[in-house]
Amino acid sequence: MKTIVILTQNNSSYSDKKEFDGKSAEDLVKEWALKVSDKYVYVQKGNCVRELLCNINEACKKENADTVIFSFDDLPFLDEKLTKSLLDSHFDFKSEYTYADGYPYGFAPEVIDSGAINILYELSKTTKEKEGNAPVNKDCIFNFLKSDINSFEVESVIAEEDYRLYRYNFCCDKKENFIACKKLFELTKNKNLSVNEKCLEAVKSADILQTVPGFYNFQIASKCSGGCSFCPYPSCYKNKFNKEVQNSSDLMKFEDFSKAIDEIYDLSENAVISLSLWGECFNHPDLVKFVEKVLSYKSLSVFIETDGLLVDENICNSLKTVVDKAEARTNGFEKIYFAVSMDAFTAKTYSKLHNCSEQLFEKCVNSISLLKNVTDEVYPQFVRMNDNEEELENFYRYWNEQTNASGGKLIIQKYDSFSGLLPDYKPADLSPIERNVCWHLRRDLCILNNGDSPLCKEFIFNNITGNVFKEGFESVWLKTKEIVKQHLENNYCKECKVCDEYYTYNF
């Protein structure tokens, strides 16, 4: 039986950088390939899964191969011993597809029977044509196979510990992952560590846990309706500025925001930009310009959380023009997302939670259809709490139907007491048994309309790390590294100690 390694390129600007003791990720992958097989072959990944499967299938026939060890060529930590374990399992159990389960991405290839490759390719042209048209990514073959998984013999090699909760991606495909790869290489080189030992090193490293921000949360307009019973912002705003948030007129200057987006691209390259830290962003007269600025970079996306009450046909037409003009994203996300704060299934409950007239519920619901003209990524949102728990099932059943205005998309969000600023109204405790290092400290950066950056959203206006307009984003971001190190040692400030948002994740 002949086994060959088949590689394809991720077309990354980082895969050929010689940052691993003078070698690149591509160099290390080729060294690994010759250790686990007599030969490696490159194939083009193509524009979709079907084209990739076609190219792998043709390579198998040309090389007369029975088994394929498949990988992208930007994974510097592919492990020889783990690959051997996969092959042993594959042959012992006469598997058609074998993969590593519970490991961070980047340590193991996929092992595939050449006959299964041929079947998958044929399916991609016939009964699974839609799945075959999906874009190529790191999970594309497994995701395609899952669409008909009962037709294949699948085996897995399971990690000693489950590292999936860390969402590590040791792949030199983009800046944040490239930084993590370099840090892990520095920590583990010349130590002859097993994959599990390398993983244990990674989970103890603040430099690997926190690389560059992936989610930037901007407050661009301070004004909002101020009626949400589950939001601390109105009362905090009044305490700080001695006026009602409904009467606020503070706006972020477009010039400051524009410079910030340029700097964000330089720092993170790939990110999602939220315009909804606090306040209602539809109150900003330049909202469309803000969206257009973000979308001018192909690797940045926009997220907007709104009550929907200011959404009308005119603003949606303007947004649609900007979104349609923008190029497709390269960061793995869509151009723009909307979450509409609905939080109820009936007008009566909506009125109670948002402290407003019941008539506004219809306006909120209608905003879904209006925003759907801008993008398909429109999500009615339901913050789950004691006061609306009885309506959760009806909300889910209705909005989950693909025939309604959202096309079956929705968000169920956990209740947040903001470290005790609000009463604890959550109907269920969903927090994990063991605490992980806060995802928001690892991934998010919050920016108030004057450029001040609180440590995280939970602090509202307090615990300011710095001002990004004056000090720069990288300088402010690096100041949070010490807090991540403290969390690694289970050392928390009083707010973090009682906060249960640490396991929630933005993009």
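Residues numbered from 1 in each chain as written. Predicted model: local features only at pLDDT ≥ 70, side-chain atom pairs only at ≥ 80, totals over all residues. Heavy atoms only, no water.

**Here we look at the overall build of the chain**
Okay, so step 1: If you tally the helices and strands in the chain, you get 21 helices and 15 strands.
Okay, so step 2: Here the C-alpha radius of gyration of the chain, 25 Å, is about what a compact globule of 507 residues would show, namely 23 Å.
Okay, so step 3: In terms of principal-axis extent, the alpha carbons of the chain reach across some 75 × 50 × 40 Å.
Okay, so step 4: Counting only residues that meet the buried cut, the chain has 53% of its 507 residues in that class. (Helix = DSSP H or I, 4+ residues; strand = E, 2+ residues; numbered from the N terminus. Rg over C-alpha atoms; globule rule 2.2 N^0.38 Å. Buried < 20%, exposed > 50% of the residue type's maximum accessible area, 1.4 Å probe, protein only.)

**Digging into unusual backbone geometry**
Okay, so step 1: One non-glycine residue, Glu269, lies in positive phi territory at about 70°.
Okay, so step 2: Along the chain, Glu269 turns up in the loop between α11 (254–268) and β8 (271–274).
Okay, so step 3: The phi torsion at Asn490 lies on the positive side, around 60°, for a residue other than glycine.
Okay, so step 4: The residue Asn490 is located in the loop between α20 (481–488) and α21 (494–498) in this model.
Okay, so step 5: When its relative accessible area of 57% is taken as the criterion, Asn490 is described as exposed.

**Things to note about the pattern of salt bridges**
Between side chains of opposite charge, a pair can form as their charged atoms come close.
Okay, so step 1: In total, this model carries 25 salt bridges according to the counting rule given.
Okay, so step 2: The salt bridge involving Glu327 is made with Lys298; its shortest N-O contact spans 4.0 Å. Here Glu327, found in the loop between α13 (313–325) and β10 (336–341), pairs with Lys298, found in the loop between α12 (287–295) and β9 (300–306); they are 29 residues apart in sequence, far enough to count as distant.
Okay, so step 3: A residue is classified by how much of its surface remains accessible, and Lys298, at 38% relative accessible area, is partly exposed.
Okay, so step 4: Through salt bridges with shared partners, one network takes in Lys414, Asp424, Lys426, Asp500 and Glu501. (Salt bridge = Lys/Arg side-chain N within 4 Å of Asp/Glu carboxyl O.)

**So, the sheet that holds strand β7 (residues 215–218)**
Two modes of strand pairing occur in sheets, parallel and antiparallel, and in both the strands are linked by backbone hydrogen bonds.
Okay, so step 1: Strands sit in the order β12-β11-β10-β9-β8-β7-β13 across an open sheet of seven strands; the sheet is parallel. The two strands at the open ends of the sheet, each matched to only one other strand, are β12 (411–414) and β13 (444–447). The average undirected angle you get between the axes of adjacent strands in this sheet is 25°.
Okay, so step 2: Here helix α16 (residues 392–399) sits on the sheet and contacts β11 (378–384) and β12; the angle it forms with β11, its principal contact strand, is near 170°. (Pairing = 2+ DSSP bridges. Axes fitted to C-alpha atoms, helices over the stretch in contact; angles between N-to-C directions. Contact = heavy atoms within 4.5 Å.)

**Focus on the pairing of strand β4 (residues 97–101)**
Okay, so step 1: Among the five residues of β4, four are classified as buried, and the element is accordingly described as predominantly covered.
Okay, so step 2: Pairing between β4 and strand β5 (residues 110–113): two bridges, direction antiparallel. Following the sheet pairing, Tyr97 is matched in β5 by Ile112.
Okay, so step 3: In the sheet, β4 pairs with strand β6 (residues 154–158) via five bridges, with the strands oriented parallel. The partner of Thr98 across the bridge, within β6, is Glu155.

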